[in-house]
Amino acid sequence: MNPLAWLEADMARHMLVEIPLIVAAGAYLARFAPARVDAAIARFDAFGLTGWLFAGLVTAFWMIPAALDAAVASGATNAVKFASLAAAGFALRGSLRRSPLALEAFFVGNFTWMAATVGLVYQDAETRLCLAYLTDSQQRAGQGLVIVAVVAFAAWLALRVGRGYILSSDSAGVQSSPGGSERSTAIRPR
Amino acid sequence: MSAPRPMLPTLAAAGLVLGAAFAAASFLTLGFRAFTAEDARRLRVAEASMPLSPVEIVDASGQRRTLWNADPVARAWLVTFVYTRCPSACVALGSELQQLQASVQASGTKGVRFASLSFDRAYDTPAELARYATRFRADPALWTVGAPASDAALRTLLRESGVVVIADGFGGYAHNAAIHVVTPAGKLVAIFDMERHREALAFASTL
């Protein structure tokens, strides 16, 4: 069995391993994007709004049971899944450098409650929601989604604390990061 | 950068993203009405019948027949997909068809035929199909128990009807268990939950 088929043979592996890996791969690729690409995107991504919105909608879309079934059933749909999730990761990396705390809190919070709710629904469902997946695999995916929701929120918090954006009152940590000065001028009152 | 950043391009891009996501989700869920593939399949069939190719089957007596016009008096087929070793859903489907057959026999309803089609071609030989038919007292004149004659025919039938069969990890299968109403012209016109088998028969009798 090829690794992709193995990942997609189980709902929990599909949602909790494959999908996060694609997003992470997209974010990793963004490191190698030339500066002018980011500059071009930045024009349409003030405060990281577009990137966060895009990533939030794409991740929400691939939590719909019918979307998972469509991805398993059709190679073309699966290609769209890969492309959209990688693009979400790519966009998120750039947007993270532009977004103010409040905007991030909104989108991360939104993702957290949505993933947790979907996770609870998956655990509660008495029937199979996906034609391609068994009930026990759906249960595990549901439990995992709740964990992912919590981990995503904690990871974001840790990232922000790590950059001294939440706890420290001086803006040194922010200004040392690329784009930090831009953000501090735009968002933080001096 | 101290000049105020123009927000228009961002707002336009965000609007575009929102619109595209809305369109994609609406397309997938048939206008936010079906969030699972099974619900979408049933909605699609209810709104526009789904054509099924003629399928050659081998029945419980080992005879080859071609559905859906194998029986000149048939006006509608109530089709279920099964595998005869199935311990749960197919037993329920079997006993429900058995009840429906009894009510057709009692009321003398004309033109409704039943078909239990196996997707487990390797195991369900005519002998196994006959065992299944005997278990549910299937009257061969009313109720065809069979399996597609080739793997290709089976694949086509499953693909066209939107039935997905997966291994359940215990040597059996999980599949969308439902009652499919098919016309002699091979049009899949309705899909009913197993629990709504009476409605399925009532609907088929009107065709």
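Residues numbered from 1 in each chain as written. Chains lettered and ligands numbered in written order. Predicted model: local features only at pLDDT ≥ 70, side-chain atom pairs only at ≥ 80, totals over all residues. Heavy atoms only, no water.

Engineer: Teacher, can you tell me more about the environment of Thr59 of chain A here?
Structural biologist: Residue and element names in this part refer to chain A. Structurally, Thr59 can be placed in helix H4 (residues 49-61). Spatially, the C-alpha atom of Thr59 lies 17 Å from that of Gln143, the residues being 84 residues apart in sequence. The residues contacting Thr59, other than those within four sequence positions of it, are Leu85 and Phe111. (Helix = DSSP H or I, 4+ residues; strand = E, 2+ residues; numbered from the N terminus. Contact = heavy atoms within 4.5 Å.)

Engineer: I keep staring at the environment of His14 of chain A and nothing clicks. Help me out?
Structural biologist: Residues and elements named next belong to chain A. Tracing the sequence through the fold places His14 in helix H2 (residues 11-29). Take His14: its relative accessible area is 0%, and that puts it in the buried class. With sequence-adjacent residues up to four places away left out, His14 is seen in contact with Leu7, Glu8, Ile19, Leu68, Ala71, Val72, Lys81 and Tyr133. (Buried < 20%, exposed > 50% of the residue type's maximum accessible area, 1.4 Å probe, protein only.)

Engineer: Would you take a moment to explain the pairing of strand E6 (residues 143-148) of chain B for this structure?
Structural biologist: The side chains of a regular strand alternate, residue by residue, between the two faces of the sheet. All names here are of chain B. Across the six residues that make up E6, a large majority, six, are buried. Burial along E6 is two-sided: Trp143, Val145 and Ala147 and Thr144, Gly146 and Pro148, pointing in opposite directions, are all buried. Sheet topology note: the strand E2 (residues 55-59)/E6 ladder contains three bridges and is antiparallel. Residue Ile57 lies in a different strand from E6, and its bridge partner there is Pro148. Relative to E6, strand E5 (residues 112-118) runs parallel, the two being bridged by four bridges. (Pairing = 2+ DSSP bridges.)

Engineer: Explain the packing of helix H5 (residues 65-73) of chain A against helix H6 (residues 75-98) of chain A to me, please; I cannot follow it from the model alone.
Structural biologist: In a packed pair of helices, the relevant descriptors are the angle between the two axes and the axis-to-axis distance. Residue and element names in this part refer to chain A. Between H5 and H6, the shortest axis-to-axis distance is 5 Å and the interhelical angle comes to 120 degrees. The angle between the axes of H5 and H6 places the two elements in the oblique class. Between H5 and H6, the residues in contact are Ala70, Ala71 and Ala73 and Gly75, Thr77, Asn78 and Lys81, respectively. Of the residues that constitute the contact of H5 with H6, the class distribution is three nonpolar, three polar and one charged. (Axes fitted to C-alpha atoms, helices over the stretch in contact; angles between N-to-C directions. Parallel < 35°, antiparallel > 145°, perpendicular 65-115°, else oblique. Nonpolar A, V, L, I, M, F, W, Y, C, P; charged D, E, K, R; others polar.)

Engineer: I would appreciate a short explanation of the sheet that holds E2 of chain B in the present structure.
Structural biologist: Adjacent strands of a sheet form backbone hydrogen bonds with each other and so pair up, either parallel or antiparallel. Residue and element names in this part refer to chain B. The mixed open sheet is built from eight strands, whose spatial order is E1-E10-E9-E4-E5-E6-E2-E3. The sheet terminates laterally at strand E1 (50-51) and strand E3 (64-67), the two strands that pair on one side only. Those strands touched by helix H2 (residues 37-47) are E1, strand E9 (178-182) and strand E10 (187-193), and its axis lies near 135 degrees from that of E10. Lying over the sheet, helix H4 (residues 126-135) contacts E2, strand E4 (76-82), E5 and E6, oriented at roughly 150 degrees with respect to E6.

Engineer: Would you mind going over helix H5 (residues 151-161) of chain B with me for this structure?
Structural biologist: For the α-helix, the turn length of 3.6 residues means that residues three or four positions removed from each other point alike. Along H5 of chain B, the positions that sit buried rather than exposed are Ala153, Leu154, Leu157, Leu158, Glu160 and Ser161 of chain B. Backbone geometry just after H5 of chain B places Gly162 of chain B at a positive phi near 75 degrees.

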